[in-house]
Amino acid sequence: IGFSTRTYYQDSYIFGLGKTEDIPLINMIVLLFGFEKGSNSSRPYYGLKTGYSVYNDQLGYFYGGFQAGAFRSDEKWLDRTSILEMLYFSNLNAIGDFKWRHYIGSRYSYSYDPLRPQDIVDLSNEDGLRGFSDSFLKGNKKLVLNYEADIFVPLKFLGFSLAVITFADFGLISSINNSLFTSALYQGYGLGFRLRNEHLIFPTFQFMFGFYPNLPETGGNHFNMFNQRSMFYQFNQFQFSSPSIVVAK
């Protein structure tokens, strides 16, 4: 069961490179209920998803969202998952023909099942520190902060537009029975370029170079060169779909 109101405002140089973009402003709440029937047990599922965004001519755009869900069995809550996230980007700033924006994103994720305690969240790539990958660094809760500044360069070559990207990512992650704020602070810093030609069918390309000063294991690679086919920050389209459980990410 869901309720949503959605309007739009138009802007440019947000995720594109100059084209007009429709930015959604939403109020949304979704109540989830389902029933899982298994060979050994059957159990209901309860969940909640909310989202709210607002735009101010002087401050910029802000989005906040919360999701939570769990199964109920034998008077216990199982597979508990919750996500709290936010996204902010500033208004467009300009000096001469150069333009830029600031972006800040943050997410807190928690997942726990007392019957099957296991670590399922990580800090890899788009779920944490972009360009960072470590299959052994997992936990049941994490807190991530991502910052990005996009500088839109007034130069074109063969129809390609260019933006210079700088970023700084920070992440905390811990396992069950360990405090999140006593864990190591993992960091990622980088520089990149975004290219797009509005006359071609190819998607926007981002070529990035990242530096990671601290790693969970010695001997790891502190540098990484990678590309992203889409923007690091994506809008939730806030469209109702078939009900699904809340999944930690």
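Just so you know, these numbers come straight off a predicted model, no measurement behind them. (Residues numbered from 1 in each chain as written. Predicted model: local features only at pLDDT ≥ 70, side-chain atom pairs only at ≥ 80, totals over all residues. Heavy atoms only, no water.)

Caption draft 1: Layout of the side chain of serine 111. Its place among the elements puts serine 111 in strand E7 (residues 98-112). Among all residues touching serine 111, those that are not within four sequence positions of it are Arg80, Thr81, Ile120, Asn140 and Ala248. (Helix = DSSP H or I, 4+ residues; strand = E, 2+ residues; numbered from the N terminus. Contact = heavy atoms within 4.5 Å.)

Caption draft 2: Structural view of unusual backbone geometry. Backbone geometry at aspartate 74 places phi at a positive 50°, although glycine is not the residue there. Summarising the element assignment, aspartate 74 is placed in the loop between strand E4 (60-73) and strand E5 (76-89). Overall, aspartate 74 belongs to the exposed group, its relative accessible area being 69%. Notably, asparagine 177 is not glycine yet its phi reads approximately 70°, a positive angle. Considering the arrangement of structural elements, one finds asparagine 177 in the loop between strand E11 (160-174) and strand E12 (186-196). Asparagine 177 gets classed as exposed once you look at its relative accessible area, which sits at 76%. (Buried < 20%, exposed > 50% of the residue type's maximum accessible area, 1.4 Å probe, protein only.)

Caption draft 3: View of a nonpolar patch on the surface. Taken together, the side chains of Phe157, Leu158, Phe160, Leu195, Leu200, Ile201, Phe202 and Phe207 define a hydrophobic patch exposed on the protein surface, amounting to about 880 Å² of accessible area. Structurally, the position occupied by leucine 195 is in strand E12. Looking at leucine 195, the relative accessible area reads 31%, which means it is partly exposed. (Patch = residues over 30% accessible without salt bridge, like charges linked within 9 Å, V, L, I, M, F, W, Y side chains within 5 Å. Areas by Shrake-Rupley, 256 points an atom, 1.4 Å probe, with all protein chains shown as cover. Salt bridge = Lys/Arg side-chain N within 4 Å of Asp/Glu carboxyl O.)

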